[in-house]
Amino acid sequence: MKFILIKIAFLFSFFAFAQNEQLALDYFEKGEFEKAVTMLESISSKQPANAYYFERLITCYQQLQQYEKAEKAIDNRNKKYRQPVLYVELGYNFQLQKNTSKAEKQYNIALDEVKKEPNYAYQIGNSFEKKVLLDWALKVYYIAQKENPNLNFDYQIALIEGQKGNVEGMTEKLLQFSFEKQDNTSLVQNYLSRFISEDANGTFTAYLKKALLTKTQKNPDNYWNQFLSWLYVQQKEFGKAFIQERAIYKRNPESFYNIVALARLAINDKQNEDAVVILQFVLENTQDVGLQMQAHHFLMQLKIESANSSEYESIQNDLNLLLKKYGISPYSLNLQILTAHFNAFYRKQPKEAIQLLNTTLKLPLNLREEAKVKMELADVMVFDEKFNQAILYYAQVEENLKNDELAHEASMKMAKANYYKNDFDWTFQQVKVLKQSSSLLIANDAIALFLLISDNSQDSTRTALTAYAKADLLLYQKKNDEALSGFLNILEKYKGDAIEDEALFKIAQIFEIKKEYTQALSFYKKIIENHKESVYVDEAMFYSAEILSKKLNDTIQAKPLYERVIFEHPDSVFYTEAQIQYRKIRGDNSL
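Procedures and definitions
- Residues numbered from 1 in each chain as written.
- Predicted model: local features only at pLDDT ≥ 70, side-chain atom pairs only at ≥ 80, totals over all residues.
- Heavy atoms only, no water.
- Helix = DSSP H or I, 4+ residues; strand = E, 2+ residues; numbered from the N terminus.
- Buried < 20%, exposed > 50% of the residue type's maximum accessible area, 1.4 Å probe, protein only.
- Areas by Shrake-Rupley, 256 points an atom, 1.4 Å probe, with all protein chains shown as cover.
- Axes fitted to C-alpha atoms, helices over the stretch in contact; angles between N-to-C directions.
- Parallel < 35°, antiparallel > 145°, perpendicular 65-115°, else oblique.
- Left-handed = near helix turned anticlockwise from the far one by under 90°.
- Contact = heavy atoms within 4.5 Å.
- Nonpolar A, V, L, I, M, F, W, Y, C, P; charged D, E, K, R; others polar.
- Phe/Tyr/Trp six-rings, centres within 6.5 Å; stacked < 30°, edge-to-face > 60°.
- Polar contact = N/O pair within 3.5 Å; in protein donor to acceptor, adjacent residues only side chain to side chain.
- Expected span 1.5 Å × (residues − 1).
- pLDDT = per-residue confidence, 0-100.
- Salt bridge = Lys/Arg side-chain N within 4 Å of Asp/Glu carboxyl O.
- 1 Å grid on protein atoms, 1.4 Å probe; cavity = no way out; pocket = protein on both sides within 12 Å on 5 of 7 lines; lining within 4 Å.
- Points joined across faces, edges and corners; volume = space filled by probe spheres on them.
- Core = buried A, V, L, I, M, F, W, Y, C linked by side-chain atoms within 4.5 Å.

1. Brief notes about the overall build of the chain
- Within the chain, the regular secondary structure consists of 32 helices and 0 strands.
- Seen through its principal axes, the chain has C-alpha atoms that stretch 90 × 65 × 60 Å.
- Within the chain, the proportion of its 591 residues that are buried is 48%.
- Total accessible area on the chain is roughly 30,700 Å²; 50% of this is exposed by carbon and sulfur atoms.

Laid out in structure tokens, this is it:
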């Protein structure tokens, strides 16, 4: 019993002490130093070796201008533990009192300690950095590297140079560090990407390109080609990235998968000309059947997206030949899905698509492969207006791949299927949850559908919303002329209602699909000018800029629209791309 009481008392005192520690830190973080200092003195006396609480105690003394107390505490600790970093603490205490000569004396003693033992540089350099004594920190790192060439402080030096505004010095040191310590390449690239994203005038990006190009010329190592390729990818200049990847491939044929990945990036970014060049190179240079099928799949996808109805028969023949060549097996899964999609959405033959996909489902597929087939099968069911069957397949994907990206996509598509069948209440509840999706695109789609339903449900009959959903389904089915007629009718019938901006946006999109760019611009303009609070206004600006710059070669009018996305809509999903295009128009990426 006595032992139990002792144990309880011990636990009580432990928890009480832990609470005191947390309370002291709370006071410290809030800047209530008078309250914090007494508690930290008590904690430090019980934990004399704990540097964490000691540093905060010294900060409290200094904030309260109790410099003598701080000096005495630092001296006592240095006598007891002999820690060279304390010379920095003592020097800083003098500096706060504007006693520069005494401060520098202590700083120089700290430097002498680094000369004797270069490994002290980690602690001492870091202490100088925390106090924003950047020149002293640089001295520490340079001394340590001179005394022990095996030590590498290039990364720390680079960050300090960046803080001082010496971008060229920072870049050179970071590149040197990443080359010598190649395991840290991603660390360096992540740091550089922050500078790139904040590089409003493009100066830094231009300098980084120049530095990397110089290194590829002076030191023809694959590493620099890969780094330069990474930079071009950040700028979405996939053609230039391919030049680097091709150079790497010539020296190292095992790097082929990087080229395939680059083609996929170009396709996702709609840079089809670059994608085709890259994919043709893949087909000309590989005997790998898997890579061949990937390349053919991407090429056929691009051909389908740009084709008109007169080319459909030729495309169908090409797809059939590829399936005959590679066979109906799990290995040709993507080709089978693409063929089914083409049959349903372009040839308007959903029965053929469903038959092919049902055959595919009989193959020995893993869960993810099966989910991809069921997702396409559900898409075709929606096309064929068999909504309940589609919802069943989407639900299976959602259930079988919980927390997977495909499951989230299936949830969103299930919501859209219910929306198309006019079950708006169920859809509303589903998108209410999906607004919190980790996928930005799904979250944005969910928000748009959530607002569409909530803004247009004041009328209990929801006639405008029902008409809109019908026109939207026609657009999904690629019946563009019928969809256009539906949306134009909504615009005429419900002009001035909440649904107007949504209808304007869909009409603009259809005209863009039909390549009637002047018409598309006129409807985007109506959103920009008359619906400034619309959820679609940033998209209207961005898409207008894209049409002007890439379809009509009118960069003069495109530039201010990209600029407006950047400065008026910094939370837009198009923010980064608008930055890139804006810089290109200004000529910042000429290298």
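2. Details of unusual backbone geometry
- Positive phi, normally seen in glycine, also occurs at Lys 98, with a value near 65°.
- Relative to the helices and strands, Lys 98 resides in the loop between α5 (85–96) and α6 (100–116).

3. What to know about the packing of helix α12 (residues 203–218) against helix α13 (residues 222–234)
- Here α12 crosses α13 at 155°, and the two axes come no closer than 9 Å. One way to sum up the angle between α12 and α13 is to call them roughly antiparallel. Crossing handedness for the pair α12 and α13: left-handed. Two secondary-structure elements touch here, α12 through Thr 205, Leu 208, Lys 209, Leu 212, Leu 213, Lys 215 and Thr 216 and α13 through Trp 224, Asn 225, Phe 227, Leu 228, Leu 231 and Tyr 232.
- Class assignment for the residues of the contact of α12 with α13 results in 8 nonpolar, 3 polar and 2 charged.

4. Observations regarding the packing of aromatic side chains
- Applying the stated criterion across every chain yields a total of 40 aromatic pairs.
- On the basis of an interplanar angle of 80° and a centroid distance of 5.1 Å, the ring pair of Tyr 223 and Trp 224 is categorised as edge-to-face. The two residues Tyr 223 and Trp 224 agree in class, both being buried.
- Counting every residue linked through ring pairs, the aromatic cluster contains Phe 505, Tyr 524, Tyr 536, Phe 542, Tyr 543, Tyr 562 and Phe 574.

5. Section: the environment of Asp 221
- Within the secondary structure layout, Asp 221 lies in the loop between α12 and α13.
- Spatially, the C-alpha atom of Asp 221 lies 30 Å from that of Leu 138, the residues being 83 residues apart in sequence.
- Here Asp 221 is in contact with Phe 179 and Arg 251, once residues within four sequence places are set aside.
- Looking at Asp 221, its side chain comes within polar contact range of the main-chain nitrogen of Tyr 223, at 2.8 Å.

6. Section: helix α3 (residues 51–63)
- For α3, spanning 13 residues, the distance from its first C-alpha to its last is 18 Å, which sits close to the expected 18 Å at 1.5 Å a residue.
- Those residues of α3 that sit buried are Tyr 53, Phe 54, Arg 56, Leu 57, Ile 58, Cys 60, Tyr 61 and Gln 62.
- The residue sitting at the N-terminus of α3 and contributing the capping side-chain oxygen is Asn 50; that oxygen lies 2.9 Å from the backbone nitrogen of Tyr 52.
- Directly beyond the C-terminal end of α3, a positive phi value near 60° is found at Gln 65.

7. Focus: the confidence of the model for the chain
- In this model, the chain carries a mean pLDDT of 90, and residues with pLDDT of at least 70 account for 96%.
- pLDDT under 50 marks residues 1–17. Its contacts with residues more than four places away, or in other chains, come to 3 contacts.

8. Notes on the pattern of salt bridges
- On inspection of all chains with the given rule, the structure shows 29 salt bridges.
- For the salt bridge of Lys 116 with Glu 113, the shortest nitrogen-to-oxygen distance reads 3.7 Å. With Lys 116 and Glu 113 both in helix α6 and 3 residues apart, the pair spans about one turn of that helix.
- Linking Glu 516 and Lys 514 is a salt bridge whose minimum nitrogen-to-oxygen distance equals 3.9 Å.
- With relative accessibility at 33%, the residue Glu 516 sits in the partly exposed group.
- Ionic contacts of the salt-bridge type, sharing partners, join the residues Arg 82, Glu 113 and Lys 116 into one network.

9. A short note on the layout of surface pockets
- Empty space within the second largest pocket amounts to approximately 540 Å³.
- Along the wall of the second largest pocket there are 21 residues; nearest its centre are Glu 55, Glu 89, Ser 127, Lys 130 and Lys 131.
- Classifying every residue of the lining of the second largest pocket by side-chain character gives 8 nonpolar, 7 polar and 6 charged.

10. Structural notes on the nonpolar core
- Val 382, Tyr 394, Tyr 419 and Phe 487 are the most contacted members of the largest nonpolar core, which has 105 residues in total.
- Phe 28, Ala 137, Tyr 141 and Ile 143 belong to the second-largest nonpolar core, a separate cluster that totals 45 residues.

11. Here we look at the environment of Gln 19
- Structurally, Gln 19 is set in helix α1 (residues 2–30).
- Sequence separation between Gln 19 and Ile 304 is 285 residues, and the spatial gap between their C-alpha atoms is 66 Å.

12. A short note on the packing of helix α9 (residues 154–163) against helix α10 (residues 167–180)
- The geometry of α9 relative to α10 is characterised by a closest axis approach of 8 Å and an angle of 160° between their N-to-C directions. In terms of axis orientation, α9 runs roughly antiparallel to α10. Here the hand of the crossing between α9 and α10 comes out left-handed. From α9, Asp 154, Tyr 155, Ile 157, Ala 158, Glu 161 and Gly 162 reach across to α10, where they touch Gly 169, Met 170, Lys 173, Leu 174, Gln 176, Phe 177 and Glu 180.
- For the contact of α9 with α10, the per-class residue count stands at 6 nonpolar, 3 polar and 4 charged.

13. Focus: the side chain of Gln 581
- Tracing the chain through its elements places Gln 581 in helix α32 (residues 575–586).
- For Gln 581, a relative accessible area of 8% corresponds to the buried category.
- In this structure, Gln 581 is in contact with Glu 546, Lys 550 and Tyr 562, ignoring residues within four places of it in sequence.

14. Observations concerning α32
- When the terminal C-alpha atoms of α32 are compared, their 17 Å separation across 12 residues agrees well with the 16 Å that a helix rising 1.5 Å per residue should span.
- Where α32 is concerned, the buried positions are Glu 577, Ala 578, Gln 579, Ile 580, Gln 581, Tyr 582 and Arg 583.

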